[in-house]
Amino acid sequence: MDIPTFVKNEQGLYHVQGCVKSEEIVSTAATILLNELTGREALTAPTDVAQFLQMALAQEKNEVFAAIFLNSKHKVLSFEPLFSGTIDGAAVYPRVVVQQALACNAAAVIFAHNHPSGCCEPSQADRTITTRLKDALALIDVRVLDHFVVSRSEWVSLAERGWL
């Protein structure tokens, strides 16, 4: 008989049954945050998005490029890890991103990727791919709202830097 590792009570508090690995805690926390983001009327605070992205991506040993697809009211439709790479890069294909945006029927998107090195300073390659994706998605009327670079301890928003 499988016993759930995490049990939620009526007050919304979680009880842990048995021993759990740190990866299970982080994964569960990311799932809880995604459920909270999905349940909201709209995403409005970059900090909330960044916290979820840190939970979802910062533990990865290699770079992972992901997207949060949103409807026209900026409500979360889905979170999709799209590409996985090496310790210092991931190949990102605009065609695949466009296909996924269409499949989700998205009106907007927030991109994110982790920097396993821990340094969240966006590279010129990060800025270039963001521009390419923004241009490709504009052709199908999907707005790029932001691109986050996250690590375990920090995050950077390209939109907050005025680079979108």
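Refer to the structure presented above.
Here, residues in each chain are numbered from 1, in the same order as that chain's written sequence. Two thresholds apply to this predicted model, a pLDDT of at least 70 for residue-level local features and 80 or more for giving and counting side-chain atom pairs, whereas whole-chain, interface and lining totals are computed over all residues. To get the side-chain values, all heavy atoms of the structure are used, and hydrogens and water are removed first.

1. Let's talk about the side chain of S151
Going by this rule: In this text, helices come from DSSP runs of H or I with a minimum length of four residues, and strands from runs of E with a minimum of two, each type numbered from the N-terminal end. Between N or O atoms, a polar contact is any pair within 3.5 Å; within protein, one atom must be a potential hydrogen donor and the other a potential acceptor, and residues adjacent in sequence are included only when both atoms are from side chains. Whether two residues are in contact is decided by their heavy atoms, any of which lying within 4.5 Å being enough.
Mapped onto the elements of the fold, S151 is located in the loop between strand 6 (143-150) and strand 7 (155-157). A polar contact of 3.3 Å, which involves the side chain of S151, links it to the backbone oxygen of G118. With residues near it in sequence (within four places) discarded, S151 still touches Q54, A58, H115, G118 and C120.

2. Considering the environment of A101
Our working rule: Only protein chains enter the calculation, and the probe is 1.4 Å; a residue is then buried if its accessible area is under 20% of its type maximum, exposed if over 50%, and partly exposed in between.
The residue A101 is located in helix 3 (residues 94-104) in this model. Here A101 falls in the buried class, since its relative accessible area comes to 1%. Separated by 36 residues in the primary sequence, A101 and L137 place their C-alpha atoms 8.2 Å from one another. Excluding its chain neighbours within four sequence positions, the residues that come into contact with A101 are F69, A106, L137, I140 and V142.

3. What to know about the side chain of H113
Note that H113 resides in strand 5 (residues 108-114). Separated by 2.8 Å, the side chains of H113 and H147 make a polar contact. The contacts of H113, once residues within four sequence positions are left out, are L57, E63, V64, F65, D126, H147, F148, V149 and V150.

4. Focus: unusual backbone geometry
One non-glycine residue, H74, lies in the positive phi region at around 65°. By the secondary structure assignment, H74 is in the loop between strand 3 (64-70) and strand 4 (76-84). H74 gets classed as partly exposed once you look at its relative accessible area, which sits at 22%. A positive phi angle, close to 60°, is found at N105, a residue other than glycine. With respect to the helices and strands, the residue N105 is situated in the loop between helix 3 and strand 5.

5. Re the pattern of salt bridges
Selection criterion: By definition, a salt bridge exists where a carboxyl oxygen of Asp or Glu is found within 4 Å of a side-chain nitrogen of Lys or Arg.
Summed over the entire model, instances satisfying the criterion amount to one salt bridge. Across the salt bridge formed by E121 and R161, the nearest N and O atoms sit 2.7 Å from each other. One end of the pair, E121, is in the loop between strand 5 and helix 4 (124-138); the other, R161, is in the segment after strand 7, with 40 residues separating them in the sequence. In this structure R161 comes out as partly exposed when scored by relative accessible area, which is 36%.

6. As for the nonpolar core
Our working rule: We define a nonpolar core as any set of buried Ala, Val, Leu, Ile, Met, Phe, Trp, Tyr and Cys residues linked to one another through side-chain atoms lying within 4.5 Å.
In terms of nonpolar packing, the biggest core is built from 19 residues, with F69, V92, V97, V109, F111, L133 and L137 touching the most fellow members. Looking at this core, the elements that each hand over two or more residues are strand 3, strand 4, helix 3, strand 5 and helix 4. Sequence-distant contacts of L133, that is, excluding residues within four places in its chain, are made with F65, V92, P94, V97, F111 and V144. Listed in part, the 16 residues of the second largest apolar core include A66, V76, I110 and A112.

7. Things to note about the packing of aromatic side chains
Short version of the rule: Only rings of Phe, Tyr and Trp enter the pairing, Trp through its six-membered ring, and a pair is recorded when the two centres are within 6.5 Å. The plane angle decides the type: under 30 degrees is stacked, over 60 is edge-to-face, the rest tilted.
Per the stated rule, a full pass over the model turns up five aromatic pairs. Taking the centre distance of 5.4 Å and the plane angle of 35° together, the rings of F65 and F111 count as tilted. With F65 in strand 3 and F111 in strand 5, this residue pair connects regions lying 46 residues apart in the sequence. This pair shows no difference in class: F65 is buried, exactly as F111 is.

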